[in-house]
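# Secondary and tertiary structure notes
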Amino acid sequence: MRSTAIVTALLLLAIVPGTARAQAVQAVPSVDLPRYAGTWYEQAHLPLFFQRNCVANTTAEYTLRDDGRIDVVNQCDDAKGKRTEARGIARKVGGSTSKLEVRFAPAFLSFLPAVWGDYWIIGLDADYRWAIVGTPDRKYLWFLTRDKAIAQDDMDTLVAKAEALGYDTSRLIRTEQR
């Protein structure tokens, strides 16, 4: 009887963590894109090859276009204080305003699915003061705010929200905003 209980407990321990992570990531129901447009300050992100040289002052600027797409300008400072910039474009996925795809590759490569990356808004403050952006595979994650600074309690709340969605927040890189 005791060995059956131990085996059952071990099976539950093996199954439960996988069940939590297996639940699909959900984007927020909808986003008012004109309200979402503008400047956002990155507070933290999961490691990303394209951000490997960014050490401070990372921002994202979103501008709505007449064709329904969104111009994206990401900027950051490198270790020498040089400002770098990446320009891209975002498009809605299936008409969703919270599931977007972003491309930073040249326009002539737009036909290639691999150049489009997922950009899902998975958490959004009712007043559009903060946003949590992630990918459905949980590989990438960003915390964005309208203000340069965020109180530690508020940051802790965002981290807890991301953890509840199954993201590995132990690898978060905090972004310095000066």
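Remember, it's a predicted structure, so these values are computed and weren't measured experimentally. (Residues numbered from 1 in each chain as written. Predicted model: local features only at pLDDT ≥ 70, side-chain atom pairs only at ≥ 80, totals over all residues. Heavy atoms only, no water.)

## Quick notes on the pairing of strand S2 (residues 56-64)
Within a regular beta strand, the side chains point alternately toward one face of the sheet and then the other, so they alternate between its two faces. Alignment of strand S1 (residues 38-45) against S2, held across four bridges, turns out to be antiparallel. By the bridge assignment for S2, Trp40 is matched with Ala60. Across seven bridges, the pairing between S2 and strand S3 (residues 70-77) is antiparallel. Counted as the bridge partner of Ala56 is Asp77 from S3. (Pairing = 2+ DSSP bridges. Helix = DSSP H or I, 4+ residues; strand = E, 2+ residues; numbered from the N terminus.)

## Quick look at the state of the cysteines
Applying the stated rule across the entire model yields one disulfide. The disulfide that involves Cys54 links it to Cys76, with 2.1 Å between the sulfurs. Between Cys54 and Cys76, the S-S torsion sits near -65°, and that sign places the bridge as left-handed. Of the two residues, Cys54 is situated in the loop between S1 and S2 and Cys76 in strand S3; the sequence distance between them amounts to 22 residues. Across the pair, exposure class does not vary: Cys54 and Cys76 are buried alike. (Disulfide = S-S within 2.5 Å. Buried < 20%, exposed > 50% of the residue type's maximum accessible area, 1.4 Å probe, protein only.)

## Examining the pattern of salt bridges
Taken as a whole and assessed by the stated rule, the structure comprises eight salt bridges. Linking Arg87 and Glu85 is a salt bridge whose minimum nitrogen-to-oxygen distance equals 2.8 Å. According to the relative accessible area criterion, Arg87 is exposed, its value standing at 56%. A salt bridge links Asp168 to Arg171, with the nearest nitrogen and oxygen atoms 3.5 Å apart. Assessed through its relative accessible area of 33%, Asp168 is described here as partly exposed. Salt bridges linked by common partners bring Arg65, Asp67 and Asp71 together as one network. (Salt bridge = Lys/Arg side-chain N within 4 Å of Asp/Glu carboxyl O.)

## Let's talk about helix H3 (residues 152-164)
Here H3 contains 13 residues, and its C-alpha end-to-end distance of 18 Å stays within 8% of the 18 Å for a straight helix at 1.5 Å per residue. Buried within H3 we find Met155, Leu158, Val159 and Ala162. The arc that holds the buried residues of H3, viewed along the axis, is 100°, so those residues lie on one side. For H3, the exposed residues lying more than 90 degrees away from the buried face are Asp153 and Ala164. For H3, the elements touching its buried residues are S1, strand S7 (130-134), strand S8 (141-145) and strand S9 (173-174). Looking one or two residues beyond H3, the residue adopting positive phi is Gly166, at roughly 95°. (Expected span 1.5 Å × (residues − 1). Arc of directions from axis to C-beta. Contact = heavy atoms within 4.5 Å.)

## A closer look at the confidence of the model for the protein
Detailed conclusions should not be drawn from predicted coordinates in areas where pLDDT is low. With 88% of its residues at a pLDDT of 70 or more, the protein has an overall mean of 89. Here residues 1-21 is a poorly scored stretch, pLDDT under 50, and it has six contacts once near neighbours within four places are set aside; other chains count. (pLDDT = per-residue confidence, 0-100.)

## Digging into the packing of aromatic side chains
A full pass over the atoms with the stated rule returns five aromatic pairs. With a centroid separation of 5.0 Å and 35° between ring planes, the pair formed by Tyr36 and Trp40 is classed as tilted. A relative accessible area of 3% means that Tyr36 is categorised as buried. An angle of 25° between the planes, with centres 6.2 Å apart, marks the rings of Tyr140 and Trp142 as stacked. (Phe/Tyr/Trp six-rings, centres within 6.5 Å; stacked < 30°, edge-to-face > 60°.)

## Description of the environment of Leu124
For Leu124, the position within the fold is in strand S6 (residues 116-124). Counting along the chain gives 96 residues from Leu124 to Val28, while the straight-line C-alpha distance between them is 7.3 Å.

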